[in-house]
Amino acid sequence: MNPGLKKMGTLHGVSLGPGDPGLITRRAWALLERPDTAWVYPARSTKTPSYAFDIVARAGLVPPADHQSLLFPMTHDGDKLARAWLRAAEVVWPKLQAGQDVLFLVEGDASTYATFGHLARTLRALAEDEGAELPVEVVAGVNAFTAACATQGLPLCEQDDTVALVPAAYGVSAIDRLLADFDTLVLLKVKPLIGELVDWLERRELLGHASFVERCGAPDEQVADTPEALRALRERKVSYLSLMIVRSPHRVRGERIRGCLKKTSPGVAA
(Lines give C-alpha, C1' and ligand atoms only; values in the text may rest on other atoms or scores of the structure.)
Protein backbone atom coordinates (compact mmCIF):
# COMPACT_ATOMS: atom_id res chain seq x y z
CA MET A 1 0.00 0.00 0.00
CA ASN A 2 1.17 3.51 -0.76
CA PRO A 3 2.58 4.82 2.58
CA GLY A 4 1.21 8.26 1.77
CA LEU A 5 -2.38 7.01 1.82
CA LYS A 6 -4.49 6.53 4.93
CA LYS A 7 -5.05 2.92 5.90
CA MET A 8 -8.16 1.63 4.17
CA GLY A 9 -11.03 -0.22 5.78
CA THR A 10 -11.55 -3.90 5.08
CA LEU A 11 -14.29 -5.19 2.83
CA HIS A 12 -15.89 -8.28 4.38
CA GLY A 13 -18.11 -10.63 2.39
CA VAL A 14 -20.29 -11.90 5.24
CA SER A 15 -22.08 -15.13 4.35
CA LEU A 16 -25.33 -15.63 6.27
CA GLY A 17 -26.48 -19.07 5.16
CA PRO A 18 -29.66 -19.68 3.17
CA GLY A 19 -32.28 -18.34 5.57
CA ASP A 20 -32.16 -19.86 9.05
CA PRO A 21 -30.37 -17.40 11.39
CA GLY A 22 -29.09 -20.42 13.32
CA LEU A 23 -26.79 -21.18 10.39
CA ILE A 24 -24.90 -17.88 10.66
CA THR A 25 -21.31 -18.80 11.57
CA ARG A 26 -19.56 -17.57 14.70
CA ARG A 27 -17.16 -15.50 12.60
CA ALA A 28 -20.00 -13.80 10.73
CA TRP A 29 -21.89 -13.20 13.97
CA ALA A 30 -18.85 -11.59 15.59
CA LEU A 31 -18.49 -9.18 12.68
CA LEU A 32 -22.20 -8.35 12.72
CA GLU A 33 -22.02 -7.45 16.42
CA ARG A 34 -19.32 -4.84 15.84
CA PRO A 35 -20.78 -1.33 16.22
CA ASP A 36 -18.10 0.40 14.14
CA THR A 37 -18.85 -1.14 10.74
CA ALA A 38 -21.08 -0.17 7.83
CA TRP A 39 -23.52 -2.71 6.42
CA VAL A 40 -24.46 -2.96 2.76
CA TYR A 41 -26.57 -5.65 1.19
CA PRO A 42 -27.97 -6.54 -2.24
CA ALA A 43 -31.51 -5.92 -3.44
CA ARG A 44 -32.92 -6.89 -6.84
CA SER A 45 -34.97 -3.68 -7.16
CA THR A 46 -36.03 -0.64 -5.17
CA LYS A 47 -39.37 -2.38 -4.49
CA THR A 48 -37.87 -5.69 -3.37
CA PRO A 49 -36.60 -6.03 0.22
CA SER A 50 -33.16 -7.51 0.73
CA TYR A 51 -33.33 -11.19 1.64
CA ALA A 52 -29.86 -10.99 3.23
CA PHE A 53 -30.92 -8.12 5.49
CA ASP A 54 -34.06 -10.06 6.45
CA ILE A 55 -31.90 -12.93 7.74
CA VAL A 56 -29.95 -10.71 10.14
CA ALA A 57 -33.16 -8.92 11.19
CA ARG A 58 -34.72 -12.27 12.11
CA ALA A 59 -31.53 -13.12 14.00
CA GLY A 60 -32.23 -10.14 16.29
CA LEU A 61 -29.01 -8.39 15.32
CA VAL A 62 -29.17 -4.59 15.52
CA PRO A 63 -27.97 -2.87 12.34
CA PRO A 64 -25.64 0.11 12.59
CA ALA A 65 -27.02 3.48 11.61
CA ASP A 66 -24.82 3.30 8.53
CA HIS A 67 -26.57 0.60 6.54
CA GLN A 68 -28.09 0.61 3.08
CA SER A 69 -29.10 -1.60 0.19
CA LEU A 70 -27.23 -1.77 -3.10
CA LEU A 71 -29.13 -2.41 -6.30
CA PHE A 72 -28.08 -5.49 -8.27
CA PRO A 73 -30.71 -5.89 -11.02
CA MET A 74 -31.79 -9.29 -12.31
CA THR A 75 -30.51 -9.10 -15.87
CA HIS A 76 -28.07 -10.85 -18.20
CA ASP A 77 -27.20 -7.57 -19.92
CA GLY A 78 -23.47 -7.18 -19.33
CA ASP A 79 -23.47 -3.40 -19.71
CA LYS A 80 -26.31 -2.94 -17.22
CA LEU A 81 -24.62 -5.25 -14.73
CA ALA A 82 -21.28 -3.45 -15.06
CA ARG A 83 -22.98 -0.11 -14.41
CA ALA A 84 -24.78 -1.53 -11.37
CA TRP A 85 -21.53 -2.92 -9.93
CA LEU A 86 -19.78 0.41 -10.44
CA ARG A 87 -22.64 2.36 -8.79
CA ALA A 88 -22.54 -0.03 -5.83
CA ALA A 89 -18.78 0.31 -5.56
CA GLU A 90 -19.03 4.10 -5.61
CA VAL A 91 -21.35 3.93 -2.57
CA VAL A 92 -18.95 1.71 -0.62
CA TRP A 93 -15.66 3.28 -1.71
CA PRO A 94 -15.78 6.46 0.44
CA LYS A 95 -16.43 4.39 3.56
CA LEU A 96 -13.40 2.20 2.88
CA GLN A 97 -11.28 5.25 2.05
CA ALA A 98 -12.23 6.73 5.43
CA GLY A 99 -10.86 3.62 7.12
CA GLN A 100 -14.23 2.08 7.98
CA ASP A 101 -14.76 -1.66 7.64
CA VAL A 102 -17.70 -2.55 5.40
CA LEU A 103 -19.78 -5.73 5.73
CA PHE A 104 -21.44 -6.88 2.53
CA LEU A 105 -24.24 -9.21 3.65
CA VAL A 106 -24.80 -12.24 1.44
CA GLU A 107 -27.42 -14.96 1.71
CA GLY A 108 -25.92 -18.42 1.33
CA ASP A 109 -22.19 -18.39 0.71
CA ALA A 110 -20.28 -15.39 -0.65
CA SER A 111 -18.21 -17.59 -2.98
CA THR A 112 -21.14 -19.39 -4.62
CA TYR A 113 -23.11 -17.52 -7.32
CA ALA A 114 -23.00 -14.39 -5.18
CA THR A 115 -22.79 -10.70 -6.07
CA PHE A 116 -19.93 -10.17 -3.64
CA GLY A 117 -17.24 -11.22 -6.10
CA HIS A 118 -18.34 -8.58 -8.61
CA LEU A 119 -18.30 -5.85 -5.97
CA ALA A 120 -14.89 -6.91 -4.60
CA ARG A 121 -13.30 -6.91 -8.07
CA THR A 122 -14.71 -3.48 -8.89
CA LEU A 123 -13.49 -2.01 -5.59
CA ARG A 124 -10.05 -3.57 -5.98
CA ALA A 125 -9.78 -1.91 -9.38
CA LEU A 126 -10.71 1.46 -7.86
CA ALA A 127 -8.06 0.94 -5.17
CA GLU A 128 -5.39 0.04 -7.74
CA ASP A 129 -6.19 3.23 -9.68
CA GLU A 130 -5.26 5.17 -6.53
CA GLY A 131 -2.15 3.13 -5.80
CA ALA A 132 -3.78 1.47 -2.81
CA GLU A 133 -4.48 -2.12 -1.83
CA LEU A 134 -7.93 -3.09 -0.60
CA PRO A 135 -8.04 -5.65 2.24
CA VAL A 136 -10.80 -8.21 1.58
CA GLU A 137 -12.08 -11.03 3.78
CA VAL A 138 -14.57 -13.64 2.62
CA VAL A 139 -16.45 -15.31 5.48
CA ALA A 140 -17.53 -18.77 4.38
CA GLY A 141 -21.15 -19.77 4.86
CA VAL A 142 -23.64 -22.60 4.50
CA ASN A 143 -24.87 -23.12 0.94
CA ALA A 144 -28.59 -23.47 0.24
CA PHE A 145 -28.12 -26.86 -1.38
CA THR A 146 -26.22 -28.38 1.55
CA ALA A 147 -28.80 -26.95 3.95
CA ALA A 148 -31.60 -28.36 1.78
CA CYS A 149 -29.99 -31.81 1.81
CA ALA A 150 -29.66 -31.63 5.59
CA THR A 151 -33.27 -30.60 6.20
CA GLN A 152 -34.51 -33.30 3.81
CA GLY A 153 -32.22 -35.97 5.24
CA LEU A 154 -30.65 -36.50 1.83
CA PRO A 155 -26.97 -37.31 1.28
CA LEU A 156 -25.53 -34.92 -1.26
CA CYS A 157 -22.86 -37.45 -2.18
CA GLU A 158 -21.43 -40.69 -0.78
CA GLN A 159 -18.25 -42.69 -1.46
CA ASP A 160 -17.33 -42.00 -5.11
CA ASP A 161 -20.53 -40.14 -6.05
CA THR A 162 -20.21 -37.25 -8.47
CA VAL A 163 -22.14 -33.99 -8.12
CA ALA A 164 -22.96 -31.31 -10.69
CA LEU A 165 -23.90 -27.81 -9.58
CA VAL A 166 -25.80 -26.26 -12.49
CA PRO A 167 -27.83 -23.08 -12.99
CA ALA A 168 -31.04 -24.33 -14.59
CA ALA A 169 -30.77 -21.56 -17.20
CA TYR A 170 -28.42 -23.86 -19.11
CA GLY A 171 -31.61 -25.55 -20.26
CA VAL A 172 -33.21 -28.94 -19.95
CA SER A 173 -31.26 -30.46 -22.85
CA ALA A 174 -27.93 -29.57 -21.23
CA ILE A 175 -29.10 -30.84 -17.85
CA ASP A 176 -30.30 -34.08 -19.44
CA ARG A 177 -26.82 -34.80 -20.81
CA LEU A 178 -25.35 -34.65 -17.31
CA LEU A 179 -27.35 -37.64 -16.09
CA ALA A 180 -24.85 -40.08 -17.60
CA ASP A 181 -21.94 -38.64 -15.61
CA PHE A 182 -23.33 -37.41 -12.30
CA ASP A 183 -25.08 -39.15 -9.42
CA THR A 184 -26.59 -35.92 -8.08
CA LEU A 185 -27.66 -32.82 -9.97
CA VAL A 186 -28.11 -29.64 -7.96
CA LEU A 187 -30.19 -27.30 -10.11
CA LEU A 188 -30.13 -23.67 -9.05
CA LYS A 189 -32.26 -20.71 -10.14
CA VAL A 190 -34.99 -23.04 -11.36
CA LYS A 191 -37.84 -20.49 -11.37
CA PRO A 192 -37.88 -19.68 -15.14
CA LEU A 193 -37.83 -23.36 -16.15
CA ILE A 194 -39.87 -25.01 -13.42
CA GLY A 195 -42.56 -26.34 -15.76
CA GLU A 196 -40.02 -27.69 -18.24
CA LEU A 197 -38.02 -29.29 -15.44
CA VAL A 198 -41.05 -31.08 -14.04
CA ASP A 199 -41.90 -32.35 -17.54
CA TRP A 200 -38.32 -33.58 -17.90
CA LEU A 201 -38.42 -35.35 -14.53
CA GLU A 202 -41.61 -37.09 -15.61
CA ARG A 203 -40.17 -38.17 -18.97
CA ARG A 204 -37.04 -39.49 -17.30
CA GLU A 205 -39.04 -41.23 -14.52
CA LEU A 206 -37.20 -39.16 -11.91
CA LEU A 207 -40.14 -37.65 -10.03
CA GLY A 208 -39.51 -40.10 -7.22
CA HIS A 209 -35.85 -39.07 -7.03
CA ALA A 210 -36.14 -35.28 -6.88
CA SER A 211 -36.70 -32.67 -4.18
CA PHE A 212 -37.63 -29.02 -4.70
CA VAL A 213 -36.86 -26.55 -1.91
CA GLU A 214 -37.94 -22.91 -1.94
CA ARG A 215 -36.49 -20.27 0.44
CA CYS A 216 -34.60 -22.89 2.42
CA GLY A 217 -34.53 -22.14 6.15
CA ALA A 218 -36.85 -19.12 5.97
CA PRO A 219 -40.18 -19.10 7.84
CA ASP A 220 -42.03 -19.53 4.53
CA GLU A 221 -39.88 -22.40 3.26
CA GLN A 222 -41.72 -24.69 0.85
CA VAL A 223 -40.76 -28.25 -0.08
CA ALA A 224 -42.00 -30.54 -2.85
CA ASP A 225 -40.54 -34.03 -2.59
CA THR A 226 -43.27 -36.34 -3.91
CA PRO A 227 -44.38 -36.88 -7.52
CA GLU A 228 -47.72 -35.23 -6.78
CA ALA A 229 -46.17 -32.18 -5.13
CA LEU A 230 -43.62 -31.78 -7.93
CA ARG A 231 -46.32 -31.97 -10.62
CA ALA A 232 -48.25 -29.26 -8.74
CA LEU A 233 -45.33 -26.85 -9.24
CA ARG A 234 -46.48 -26.42 -12.85
CA GLU A 235 -49.52 -24.54 -11.56
CA ARG A 236 -47.93 -21.99 -9.23
CA LYS A 237 -45.30 -19.29 -9.09
CA VAL A 238 -42.09 -20.20 -7.32
CA SER A 239 -39.52 -17.97 -5.67
CA TYR A 240 -36.24 -17.01 -7.30
CA LEU A 241 -34.62 -18.53 -4.19
CA SER A 242 -35.47 -22.08 -5.22
CA LEU A 243 -33.46 -25.14 -6.11
CA MET A 244 -33.95 -28.76 -7.06
CA ILE A 245 -31.88 -31.78 -6.07
CA VAL A 246 -32.11 -34.72 -8.45
CA ARG A 247 -30.60 -38.13 -7.79
CA SER A 248 -29.80 -40.27 -10.84
CA PRO A 249 -30.60 -43.87 -9.86
CA HIS A 250 -29.48 -45.40 -13.15
CA ARG A 251 -26.00 -43.95 -13.59
CA VAL A 252 -23.35 -46.55 -14.48
CA ARG A 253 -20.54 -46.05 -11.99
CA GLY A 254 -17.73 -47.68 -13.98
CA GLU A 255 -14.64 -49.38 -12.63
CA ARG A 256 -14.19 -47.65 -9.30
CA ILE A 257 -13.60 -48.95 -5.80
CA ARG A 258 -13.64 -46.47 -2.90
CA GLY A 259 -13.07 -43.61 -5.27
CA CYS A 260 -10.05 -45.13 -7.02
CA LEU A 261 -9.78 -46.60 -10.49
CA LYS A 262 -9.11 -50.31 -10.71
CA LYS A 263 -5.60 -51.08 -11.89
CA THR A 264 -4.95 -53.30 -14.90
CA SER A 265 -1.36 -53.96 -13.89
CA PRO A 266 0.93 -52.95 -11.01
CA GLY A 267 1.53 -49.23 -11.01
CA VAL A 268 -0.70 -48.53 -14.02
CA ALA A 269 -4.16 -47.01 -13.55
CA ALA A 270 -6.97 -48.22 -15.79
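For the structure, check the block above.
Rules used throughout
Residues numbered from 1 in each chain as written. Predicted model: local features only at pLDDT ≥ 70, side-chain atom pairs only at ≥ 80, totals over all residues. Heavy atoms only, no water. Helix = DSSP H or I, 4+ residues; strand = E, 2+ residues; numbered from the N terminus. Phe/Tyr/Trp six-rings, centres within 6.5 Å; stacked < 30°, edge-to-face > 60°. Buried < 20%, exposed > 50% of the residue type's maximum accessible area, 1.4 Å probe, protein only. Salt bridge = Lys/Arg side-chain N within 4 Å of Asp/Glu carboxyl O. Contact = heavy atoms within 4.5 Å. Pairing = 2+ DSSP bridges. Axes fitted to C-alpha atoms, helices over the stretch in contact; angles between N-to-C directions.

Peer 1: An account of the environment of Gly 195 is requested, with residue identities and associated values reported.
Peer 2: As for its placement among the helices and strands, Gly 195 is situated in helix α7 (residues 194–203). As for Gly 195 and Ala 232, which are separated by 37 residues in sequence, their C-alpha atoms are 9.5 Å apart.

Peer 1: Please set out the packing of aromatic side chains residue by residue, giving values where relevant.
Peer 2: Using the criterion set out here, one finds three aromatic pairs in the structure. Look at Phe 72 and Phe 104: their rings are 5.9 Å apart centre to centre, the planes differ by 80°, and that puts the pair in the edge-to-face class. Linking Phe 72 in the loop between β3 (67–71) and α3 (78–97) with Phe 104 in strand β4 (residues 102–106), this pair joins segments that are 32 residues apart in sequence. Residue Phe 72 shares its accessibility class with Phe 104, and that shared class is buried.

Peer 1: Can you explain the pattern of salt bridges? Please cite residues and give values.
Peer 2: For the structure on display, the rule yields 12 salt bridges. In this structure, Asp 199 and Arg 234 form a salt bridge, with 2.8 Å as the shortest nitrogen-oxygen distance. One end of the pair, Asp 199, is in helix α7; the other, Arg 234, is in the loop between α8 (227–232) and β10 (242–247), and 35 residues separate them in sequence. What makes Asp 199 partly exposed here is its relative accessible area of 31%. The residue Glu 214 makes a salt bridge to Arg 236 at a minimum N-O spacing of 3.5 Å.

Peer 1: Got a sec to walk through helix α5 (residues 144–152)? Specific residues and values, please.
Peer 2: Looking only at α5, the buried set comprises Phe 145, Ala 147, Ala 148 and Cys 149. Among the structural elements, β6 (163–167), β7 (184–188), β8 (210–214) and β10 are those in contact with the buried residues of α5.

Peer 1: So what's going on with the sheet that holds strand β9 (residues 222–224)? Residues and values would help.
Peer 2: Spatially, five strands are ordered β6-β7-β10-β8-β9 in an open sheet, and the strand pairing comes out mixed. Each edge of the open sheet carries a strand with a single partner, namely β6 and β9. Recorded for the sheet is a direction-independent mean angle of 15° between the axes of neighbouring strands. For β7 and β10, the ladder comprises five bridges, and the chain directions are antiparallel. Among the inter-strand pairings, Thr 184 is bridged to a residue of β10, identified as Arg 247. Contacts between α5 and the sheet are confined to β6, β7, β8, β9 and β10, with β10 contributing the most and set at about 65° to the helix. Of the strands in this sheet, β7, β8 and β10 touch α7, which is tilted by about 15° from β10.

Purely geometric stuff here, so don't read any function into it on its own.
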